[in-house]
Amino acid sequence: EFGEAVVLKSRGGSASKEVEYDPVVMHVNNMDIKFPKQLFIDGKFIDAEGGRTIDSINPADESVICKVQRATPGDVDRAVQAAKRAFDEGEWSKMSARDRSRLLFRLADLMEEHKQELATIEAIDSGAVYTLALKTHVGMSIDVWRYFAGWCDKITGSTIPISHARPNRNLTFTKKEPIGVCGLITPWNYPLMMLSWKMAACLAAGNTVVMKPAQVSPLTALKFAELSVKAGIPPGVINIVPGSGSEAGNAIASHPLVRKLGFTGSTEIGQTIMETCANSNIKKCSLELGGKSPLVIFDDCDLERAVRNAMGGVFFNKGENCIAAGRIFVQDTVHDKFVERVIEETKKIVIGDPLNRSTSHGPQNHRAHLDKLVSYVQRGVKEGATLRYGGKQLDRPGLFFEPTVLTDVEDHMYVAKEESFGPIMIISKFSGNDLDAVIKRANSTEFGLASGVFTRDINRAMAFAEKIEAGTVFINTYNKTDVAAPFGGFKQSGFGKDLGEEALNEYLKTKCVTLEY
Ligand code: TAP
């Protein structure tokens, strides 16, 4: 029972369908949790062809949580065919936009009902601190589903006054139509949130979807799939195919029936994806890629606020944050004070079990990433940066890396140019009040995701906002994202927006209709 029937049922507020599957059941974080470990295709949880699996590891102790089925290109093809059927023949495209909206609101309500369970799964699978996972990983995901659910019946075209073919009259109007089957490929830093940012806009626009979560953190995507059945989303509308990027990811990006690809991940893989999209069938794509976002701190700012925001800007979600302040420029007159205060505060960060309510800094997502951070710091020191705090893996089980502070970083150094994606603060000095000079340094990167400035001088702040080459600018704040505000980068940080009204356009096509009468 799907589609209209379920929509009608959900209007009455009664619960709809439960999906049967072979669950992983655990008692953790003082609660019972249950989640799938198979592929989700055409409304069912099934094994991959050949039954190969990938271990999902808990980064807090490196134990294996479960074995997750690993999609092959054949599985991806099955998922795409299901999505195509659901788009061409299913209830999804037949139902009215308002009923689609109701289904998405209901999905958000179910996510809210399962908020603790989702946050617990996110914590054990990705190392996110539970309290943060509740608020951000899951909380913002729910917000984004509600935000886009509200858009479903507000997607409109326009009427356009064209020249008449006299003596007849003409009218041109546009229709915003869904694209069809969309592919989504996401990274591991905010697994459920990255899924939600893209998929909510994609489904609100009326598309169907085949989605591949990062192989190291696929579990909340599968729990989400379970909830989507319960919400009454018809089979084939959402398909989740965990697996590797080179196999399952590439199969989505190259599939001839997929017409749009939404990708978040590294610039390097983004380049490959764009090429694959072009070579396969010229699919539309949007790319949210890496960043090395500058944060500039002038001596006239509220320094305590700058310290707090810089720390959040770097250490939030253990640095696994695409808009992390990857480079901090501090005016020489307040540099030493700033560094001293940052180190004082960094010492207070409570590192430990992400499920512990007093912890604020959990383990890094996976081992390869942790190893990369260790060598990143070593390279910085070798090139002449000063290691002021941290820099090492903690001597305890699990993938814990100390929040780290590097100073005396100069523009030519590796750590000044490359993203760490970890809790490493990179501090450089600038002198005088020459805004243009510091902006030039801040802009001398191929990335352009986010940026920030702290100053009490409104003219300086506005000049910074105008001249900085970044898709997001924060003034006297940092990390302040919102589901209603467009998010996305410039230059090699990619193109196309997530969030806000603009994100809908990534998943719509415009049809222009002209009639004569
Ligand atoms: P990537 O290595 O680029 O992986 C991202 C996704 O692409 C994963 O699901 C990956 O699969 C898949 N993939 C890998 N190779 C592929 C291929 N040839 N074809 C299709 N898919 C492929 O990035 P990551 O290490 O997960 O994430 C870190 C990066 O993401 C950072 O650079 C960070 O800045 C960026 N990021 C950006 C944003 C925004 S909004 N701009 C947000 C979060 C993260 P696997 O599971 O096999 O890895």
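The present account deals with the structure reproduced in this document. Everything numeric in this text was worked out from a predicted model, so none of it was measured.

Under the defined criterion, the tally for this structure stands at 35 salt bridges. Residue Asp109 pairs with Arg146 through a salt bridge whose shortest N-O separation is 2.9 Å. Taken together, the residues Asp109 in helix α4 (residues 97-113) and Arg146 in helix α6 (residues 130-149) connect sequence positions 37 residues apart. Asp109 sits in the partly exposed class, given a relative accessible area of 36%. Put simply, Lys337 and Glu340 hold a salt bridge, and the shortest N to O gap is 4.0 Å. Remark: Glu340 and Lys337 occur in helix α12 (residues 332-347); sequence separation between them is 3 residues, near one turn of the helix. Linked by salt bridges that have partners in common, Glu304, Arg341, Glu344, Glu345 and Lys348 make up one network.

Turning our attention to the sheet that holds strand β7 (residues 159-160). Whenever strands of a sheet pair, they do so through backbone hydrogen bonds, lying parallel or antiparallel. With antiparallel pairing, 3 strands are arranged side by side in an open sheet as β7-β8-β22. On the outer flanks of this sheet lie β7 and β22 (508-516), each paired with one strand and no other. With 2 bridges connecting them, β7 and strand β8 (residues 170-178) associate as antiparallel partners. Each residue of the ladder has a partner; that of Thr159, found in β8, is Phe173.

Turning next to the side chain of Asn309. Among the secondary structure elements, Asn309 is positioned in helix α11 (residues 303-315). Of note is the side chain of Asn309, whose polar atom sits 3.1 Å from the backbone nitrogen of Tyr478. Not counting chain neighbours up to four residues away, the residues in contact with Asn309 comprise Phe454, Thr477 and Tyr478.

What counts as what
Residues numbered from 1 in each chain as written. Predicted model: local features only at pLDDT ≥ 70, side-chain atom pairs only at ≥ 80, totals over all residues. Heavy atoms only, no water. Salt bridge = Lys/Arg side-chain N within 4 Å of Asp/Glu carboxyl O. Helix = DSSP H or I, 4+ residues; strand = E, 2+ residues; numbered from the N terminus. Buried < 20%, exposed > 50% of the residue type's maximum accessible area, 1.4 Å probe, protein only. Pairing = 2+ DSSP bridges. Polar contact = N/O pair within 3.5 Å; in protein donor to acceptor, adjacent residues only side chain to side chain. Contact = heavy atoms within 4.5 Å.

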